Amino acid sequence: MISRKRHDLYDAFASRLFGGIKRNLRRFCLAFGLTGLALFAQVASAEVSFAGKTVEWIVPFSAGGGSDTLARFNAPFFSKHLPGQPNVVVVNEPGGGSTKGSNLFEARAKPDGLTILITSGSTQFPYLLGDPRVRYEYANWKIVMASPTGGVVYTSPSTGVENAGDIANLKGKRLIYASQGATSLDLVPMLGFRLMGLDVQHVFGFKGRGGGRLAFERGETNIDYQTSSAYLKNVAPLVESGKAIPLFSWGSLDENGNLVRDPTFPDLPHFAEAYEMLTGEKPSGPDYDAWFGFFAAGFPAQKMVFLPKGTGDDIVEAWRQAIRDMLVDPEYLSARQAVLGKYEQVTDAAADALQRKGTQVSADLRKRVVDLIEREYGVKIKEK
Amino acid sequence: MLEALTQAASSLASLNHFIWMLTGVCVGLVVGVIPGLGGIAGLSLLIPFVFGMEPTAALGMLVGLVAVIPTSDTFASVLMGIPGSSASQATVLDGFPLARKGQAARALSAAFASSLFGGVIGALILTGFVLIARPLILTFGAAELFMLALFGLSMVAALAGRSLAKGIAAGAVGLLAGSIGAAPATGEFRMIFDFEYLYDGIPLVVMGLGLFAIPEIVDLLRKNRSIAANALLGQGWIAGLRDWTRNTFLSVRCAGFGAIIGAIPGLGGSVVDWITYGHAVQTCKKNPEFGKGDIRGVIAPESANNAMQGGTLLPTILFGIPGSGSMAVFLGGMILIGIEPGPALADAELGITYTIIWSLAVANIMGAGICFLLAPPIARLTTVPFAWLAPCMIALVCFAAFQATRDIADLVALVAIGALGILMKRFGWPRPALLIGYVLAPQAETYFYQALQFNPQYGGFGMLLRPGVIVIAALTLASLWFGLRRRVKEIDTVGAGGEEKEAHATRFEQIGFTLAMAGFCLLAWSDASSHTFLGRIFPAGAAALGLVFCLALAWRLWRGPSRHPAFFDLEITGDHVGKKESGRMWSGWLWLAGLIAGAAVVGFYAAMILFFLAFLRWRTKATWTGTLCLTGAASAFLLGLAWMLSLHFPRGLVQNAYDLPWPFR
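Keep in mind the model is a prediction, meaning the values are calculated, not measured. (Residues numbered from 1 in each chain as written. Chains lettered and ligands numbered in written order. Predicted model: local features only at pLDDT ≥ 70, side-chain atom pairs only at ≥ 80, totals over all residues. Heavy atoms only, no water.)

Overview of the interface of chain B and chain A
- The interface is formed by 62 residues belonging to chain B together with 60 residues belonging to chain A.
- Taking both partners together, chain B and chain A bury about 5,300 Å²; carbon and sulfur atoms supply 59% of that area.
- Considering only the side of chain B, the residues that lose the most area to chain A are Phe49, Phe454 and Trp643 of chain B, jointly responsible for 14% of the buried surface there.
- At the junction of chain B with chain A, the criterion picks out 4 salt bridges.
- Its salt-bridge partner being Glu217 of chain A, residue Arg134 of chain B comes within 2.5 Å of it at the nearest N-O pair.
- Linking chain B with chain A are 15 residue pairs in polar contact (both at pLDDT 80 or more), by the criterion used here.
- Sorting the residues of the side of chain B that touches chain A by element identifies α2 (15–33), α3 (39–46), α7 (104–138), α15 (296–319), α16 (325–337), α20 (431–454) and α28 (624–644) of chain B as the ones contributing at least two each.
- In terms of residues, the side of chain B that touches chain A owes the most to one element, α16 of chain B, which gives 6 residues. (Contact = heavy atoms within 4.5 Å. Buried area = accessible area lost by both parts, 1.4 Å probe. Salt bridge = Lys/Arg side-chain N within 4 Å of Asp/Glu carboxyl O. Polar contact = N/O pair within 3.5 Å; in protein donor to acceptor, adjacent residues only side chain to side chain. Helix = DSSP H or I, 4+ residues; strand = E, 2+ residues; numbered from the N terminus.)

Following this line, the structure appears as structure tokens:
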């Protein structure tokens with residue numbers, strides 16, 4: 001009842017706001033699906049229907065971040081393809097570095113398919129590191145969609161490196177990296193650089209990778225990485241004008257969970273290849289496993305969308321079918337490029353694999369990383 | 001460049017663009033009027049609609065929305081003393097005293113004229129600035145940003161009030177409050193005392209509302225009259241415009257400050273109003289009445305905050321680095337439209353940038369025009385007896401506060417900081433000094449630590465050789481010099497009769513409050529000592545500073561001559577003293593605390609309805625008809641807002657135990 005009323009009010013609000021401007025109103029109606037239409041559109045074959053309901057999409061971050069933008073981009077397409085065309089609203093529940101909203105989801109979401117959660121690497125890292133604020137359990141949740149991303153590491157020509165092949169020249173150089181903190185996503189470059197034996201000074205306290213890029217452009221740091229879309233838009237021009245040299249991409253995972261070259265950057269070596277260029281050996285051992293575990297959580301499995309624990313298989317299937325339909329929707333495909341770059345959103349087995357890879361780190365690897373952070377960077381993580 | 005200018009001009013001239021921009025402006029004005037809502041809420045409302053729109057029209061709508069928020073948030077700041085948004089906190093200092101004198105119209109019209117002018121000047125500056133912005137923004141490294149934070153802190157000197165010791169102590173307490181949460185260098189959590197809420201620090205909205213809005217509401221409530229003491233309301237529209245024309249040079253300077261500080265990523269927009277307010281205090285020689293209702297104290301921040309909004313666009317579109325929360329949503333909107341931020345926008349796609357900048361100017365003109373039309377009826381609010389207005393304002397303040405994290409803890413923090421604000425007001429402690437310290441603490445600490453690491457020459461002193469640092473350091477010294485010379489004695493002591501001698505009588509209460517502040521510093525000190533060196537050094541330094549000045553002040557209050565300006569107590573010198581209709585000091589605060597306690601049990605929405613009923617019946621002594629009408633209207637209004645923003649009200653114990661239907665859920 002309530003959600004029905006909300007929907008009608010919503011349409012009323014829209015028409016008031018948009019007055020006589022029919023063209024866009026129609027687009028709006030198409031995108032969101034009118035309740036009335038939705039009621040008639042009940043298909044006999046669909047057992048699960050969300051007709052007249054409102055789906056709340058919990059975003060445990062403030063409005064405007066990457067996860068929020070992704071959710072707001074996807075919400076109308078979810079609405080269009082879910083059975084019964086429910087209204088999908090984005091609800092921001094920021095706080096505690098995304099642990100607050102995720103805790104709320106774990107504690108309160110009902111398994112009726114009407115509440116979903118998007119998490120990002122910043123939700124997984126506290127979970128993997130055993131942060132005491134985490135009261136959610138990834139293994140309980142049902143994944144419906146995953147959105148991978150990649151990243152490219154680049155350096156300043158002042159280090160004497162002229163192209164990716166010169167990476168060995170970095171040995172022994174004093175490198176400076178602008179970091180968001182030892183327990184943030186920047187743990188991946190921290191473990192990676194350390195594994196490679198590079199002498200990197202991590203300067204903490206940056207808010208977002210954008211600030212780090214600015215510090216690089218100012219010449220305050222000389223090594224940096226950006227996620228793929230930021231790299232293409234903001235670092236590629238620097239590379240063209242000779243102010244930045246790309247070194248390697250973090251890589252990407254194939255269906256079997258092996259590290260391969262990032263499809264967006266096929267000409268760049270991935271992390272393990274770059275390691276081999278530096279040391280002459282393939283990376284292995286517990287430090288590599290630790291890097292790999294956090295890399296998988298931070299990049300290929302960076303953004304995941306979940307249904308709460310206990311959700312029935314029919315509802316999970318209805319959601320996954322909606323995602324499958326969305327992934328071939330021409331309107332979605334044409335809009336996707338701008339927001340997501342070349343990475344495809346995945347569901348089904350591929351998403352299951354990412355959930356496993358991105359949310360599991362063995363107890364001794366966790367301890368290894370926690371000890372390392374404390375020993376080398378003085379950052380203590382309270383054990384639960 | 002000429003081509004880009006004509007391209008921008010032609011897209012601005014189209015009717016389609018105009019209509020969408022007007023839509024954006026209207027939504028912006030509405031969300032701007034409601035305290036706590038601002039760019040973030042407005043953009044979240046509009047972003048579902050940008051799908052499939054023509055990019056320039058969508059851009060016009062988003063820019064229109066962002067541009068006018070600092071125009072309409074003035075209403076709450078001037079008429080109610082509630083900071084409408086973090087960019088107009090300083091407007092409260094002189095705008096509200098003007099409203100209380102019955103000069104709300106004058107203050108508003110001067111403010112709108114300043115907003116309009118500031119917005120247009122900002123756009124003009126940006127038109128030229130955008131071409132050189134990239135290299136210029138890149139000259140601001142960590143060392144320069146640290147010096148800018150110090151420059152901001154130097155405003156404490158000008159706003160310290162009658163006792164410099166109180167000002168510095170308040171600033172130090174602000175620094176400590178701002179350092180709650182994760183340490184920038186190590187990520188350690190400081191002063192959280194096992195409250196999960198404090199992990200992220202105290203939100204700025206809660207701090208601003210607690211320090212400024214709550215004490216004013218409480219004060220008005222006990223005086224039992226309307227906000228405006230005498231009804232001169234209809235007059236003053238022309239006077240306000242004349243005030244502004246007399247201060248155009250000040251307005252230009254502040255707009256310039258606003259645009260430039262906004263354009264530098266990293267400092268944040270919430271200090272611009274304080275810096276320009278401080279600047280006005282330092283430079284206005286003729287009959288300064290700051291703190292008691294000086295129109296220049298309204299013109300300065302209002303000229304700056306609209307210009308700043310344009311400034312923050314630059315790092316957003318050129319670097320993809322949002323300077324504020326609303327810019328972050330704007331950035332998301334741009335990506336959804338299909339415009340990727342990046343260096344191309346200052347080069348190949350310069351036309352788009354100019355469309356954005358000039359949309360900003362046009363939207364500012366539209367916004368100020370509409371506000372001029374709306375102001376006369378809205379200004380009548382100040383003549384409503386306050387007992388009727390109070391429950392609405394309390395509900396509004398609570399609504400604004402829990403926008404911060406949408407947690408009941410926001411409301412608890414509001415009550416606690418409200419109590420602090422009431423006491424600071426009573427004992428003449430300058431609240432602006434505390435707020436400036438609080439706002440700048442994270443910046444000062446982060447950039448100091450980073451600057452040391454990036455400039456290791458001569459053990460960190462190498463940063464002093466950078467030309468940018470030298471220039472800002474010179475500005476800071478000048479600001480300190482002028483600030484100390486023209487310190488505003490009356491800051492934050494509105495309504496005081498001024499006889500220090502009488503205030504001597506309650507010196508033990510005053511000493512008690514000073515020692516409580518010292519106790520907070522001591523607590524911070526002991527917390528700091530449990531952390532690593534990098535996590536400890538900043539709060540320990542601020543705590544030591546606060547402790548020294550608190551103890552010096554306490555000593556002076558105990559042994560000093562009875563006419564010393566450090567003595568101050570509004571309970572002795574305030575203009576409510578001796579009037580028999582005056583209520584008790586804490587009664588308004590207790591109503592608020594009751595509302596929050598109720599919310600903790602039955603959830604905010606139900607508690608709010610009960611609060612309205614109780615307040616209107618017992619306190620306002622309204623008839624049942626009046627009570628029910630106002631309660632119904634207020635709860636419908638909140639419901640509409642909550643529904644449009646798709647938010648949940650804070651839950652109570654009942655909600656945790658039972659599953660209730662929305663909005664009681």
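Moving on from the model shown.
A closer look at helix α12 (residues 237–246) of chain B
All names here are of chain B.
- Taken together, the buried positions of α12 are Trp237, Gly240, Asp243 and Trp244. Across the axial projection of α12, the buried residues extend over an arc of 120°, all falling on one side. Exposed residues pointing more than 90 degrees away from the buried face of α12 are listed as Ile238 and Arg246.
- Close packing links the buried residues of α12 with α7, α13 (248–263), α15 and α17 (350–379). (Buried < 20%, exposed > 50% of the residue type's maximum accessible area, 1.4 Å probe, protein only. Arc of directions from axis to C-beta.)

Quick notes on the pattern of salt bridges
Residue and element names in this part refer to chain B.
- Under the criterion given, the structure shown has 37 salt bridges over all chains.
- In this structure, the salt-bridge partner of Asp219 is Lys223, at a minimum N-O distance of 3.0 Å. One end of the pair is Asp219 and the other is Lys223, both in helix α11 (residues 204–223) and 4 residues apart, which spans about a single turn.
- Take Asp219: its relative accessible area is 7%, and that puts it in the buried class.
- Among the residues examined, Lys223 registers a relative accessible area of 12% and is labelled buried.
- Residue Arg246 pairs with Asp243 through a salt bridge whose shortest N-O separation is 3.4 Å. You can see Arg246 and its partner Asp243 sitting in helix α12, 3 residues apart, about one turn around the helix.
- According to the relative accessible area criterion, Arg246 is exposed, its value standing at 58%.
- Bridged by salt links that share partners, the residues Arg100, Glu216, Asp219, Lys223, Lys425 and Arg431 form one connected network.

Considering the pairing of strand β3 (residues 115–119) of chain A
Residues and elements named next belong to chain A.
- Most of β3 is tucked away: 5 of the 5 residues are buried.
- On β3, burial covers both faces: Thr115, Leu117 and Thr119 on one face and Ile116 and Ile118 on the other are all buried.
- Of the strand pairs in this sheet, strand β1 (residues 54–59) and β3 are connected by 3 bridges, and their pairing is parallel. Across the sheet, residue Trp57 finds its bridge partner in β3, namely Ile116.
- Pairing of β3 with strand β12 (residues 303–307), which is carried by 3 bridges, proceeds in the antiparallel orientation. Counted as the bridge partner of Ile118 is Val305 from β12. (Pairing = 2+ DSSP bridges.)

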